[in-house]
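Listed below, chain by chain, are the residues.
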Amino acid sequence: MIGRSADWLSALAAGALLAVMIACNGLLANHSAPIFASWVAHGTGAAAALLLVAGWSRIFGHRQTIPQQKGPAWAYLGGVPGALTVVLAAVTTNGPLALSGTIAFMLVGQVFFGMAVDRTGLFGMARRRLTGADLRAAGLVLAGSILLVAGG
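Residues numbered from 1 in each chain as written. Predicted model: local features only at pLDDT ≥ 70, side-chain atom pairs only at ≥ 80, totals over all residues. Heavy atoms only, no water.

J.: Now, about the overall build of the protein chain: what can you tell me, with residues and values included?
T.: A tally of regular secondary structure across the protein chain gives five helices and zero strands. Secondary structure elements of the protein chain, listed N to C terminal, follow the sequence α-α-α-α-α. Dimensions of the protein chain along its principal axes, counting C-alpha atoms only, are 55 × 45 × 35 Å. A buried classification covers 14% of the 152 residues belonging to the protein chain. Counting only contacts in the protein chain whose residues sit at least 6 apart along the sequence, the fraction spanning at least 24 positions is 59%. (Helix = DSSP H or I, 4+ residues; strand = E, 2+ residues; numbered from the N terminus. Buried < 20%, exposed > 50% of the residue type's maximum accessible area, 1.4 Å probe, protein only. Contact = heavy atoms within 4.5 Å.)

J.: Kindly report on helix 5 (residues 132-150), identifying the contributing residues and their values.
T.: Between the first and last C-alpha of helix 5 there are 26 Å, a value that for 19 residues agrees with the 27 Å anticipated at 1.5 Å per step. Looking only at helix 5, the buried set comprises Asp-134, Ala-138 and Ser-145. Along the long axis of helix 5, the arc covered by the buried residues comes to 30 degrees, so they all point the same way. For helix 5, the exposed residues set more than 90 degrees away from the buried face come down to Arg-136, Leu-140, Leu-147 and Ala-150. Where helix 5 is buried, its residues meet helix 4 (98-120). (Expected span 1.5 Å × (residues − 1). Arc of directions from axis to C-beta.)

J.: Summarise the packing of aromatic side chains; cite the residues concerned and give the values.
T.: Throughout the structure, instances matching the rule amount to two aromatic pairs. Taken together, a centroid distance of 5.3 Å and an interplanar angle of 40 degrees make the contact between Trp-74 and Phe-123 tilted. With Trp-74 in the loop between helix 2 (34-60) and helix 3 (79-93) and Phe-123 in the loop between helix 4 and helix 5, this pair connects stretches of sequence that are 49 residues apart. Classification of Phe-123 by relative accessible area gives partly exposed; the value is 44%. Taking 6.3 Å as the distance between ring centres and 50 degrees as the angle between the ring planes, the aromatic pair formed by Phe-113 and Phe-123 counts as tilted. Here the residue Phe-113 occupies a position in helix 4, and Phe-123 occupies one in the loop between helix 4 and helix 5, the gap between them amounting to ten residues. Pairwise contacts between aromatic rings join Trp-74, Phe-113 and Phe-123 into one cluster. (Phe/Tyr/Trp six-rings, centres within 6.5 Å; stacked < 30°, edge-to-face > 60°.)

J.: Talk me through the side chain of Asp-134; I want residue IDs and the actual numbers.
T.: With respect to the element layout, Asp-134 can be found in helix 5. For Asp-134, a relative accessible area of 18% puts it in the buried group. In this structure the side chain of Asp-134 is engaged in a polar contact, spanning 2.9 Å, whose partner is the backbone nitrogen of Thr-131. Those residues in contact with Asp-134 that sit more than four places away from it in its chain are Met-115, Arg-128 and Arg-129. (Polar contact = N/O pair within 3.5 Å; in protein donor to acceptor, adjacent residues only side chain to side chain.)

J.: How would you sum up a nonpolar patch on the surface? Please name residues and give values.
T.: Taken together, the side chains of Trp-74, Leu-77, Val-80, Leu-84, Leu-88, Phe-113, Leu-122, Phe-123 and Met-125 present a nonpolar region at the surface, about 930 Å² in accessible area. Of the residues forming the nonpolar patch, the biggest block, three residues, is contributed by helix 3. Structurally, the position occupied by Leu-84 is in helix 3. (Patch = residues over 30% accessible without salt bridge, like charges linked within 9 Å, V, L, I, M, F, W, Y side chains within 5 Å. Areas by Shrake-Rupley, 256 points an atom, 1.4 Å probe, with all protein chains shown as cover. Salt bridge = Lys/Arg side-chain N within 4 Å of Asp/Glu carboxyl O.)

Right, dumping it as C-alpha cells:
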C-alpha cells in the first residue's frame, strides 16, 4: 500500500507541475508567441534532462540498470505531441478557457484517448475491456469539466 500511495502522490505532484508549466508557457506565449513558448519549454526540458543524465552518470557511473533495447521507430516521435500540447495549451490558456478550463479539457482528452488505447491496444499497450465504471468515471470527468468552464 505504501508504494501505491507514493504513486498517487507522484501523480498529484505531476499534475501540479503540469499546471505550473502550462501557466508559465501561457504567460510566455502571451508576451511572445505560442511556437516560441514551445521552443523555450522544450529547450529548457532538454537542458534539464542532460543535466540529470550527467548527474546520474557521475553518481552511479556508467552502469546500466535496465537493458537497453531499441524501441519502434514511431516511438521516437513522442516529442511531437508534446510540442503540440505546449502550443495548444499556450493558446487556450490565454483565451476564454483560461488555465483551469484548459487543464480540465486536457484531462478529458487524456481520459477518453486513454480509454481508446486500452480498448484497442494501440501503441503496443495491453488490451483491456472497458467497464461500466470506466464509462461512468469518464462521463463524470466530462461533466465536471463542462461545469467548470460553463459555470464560470
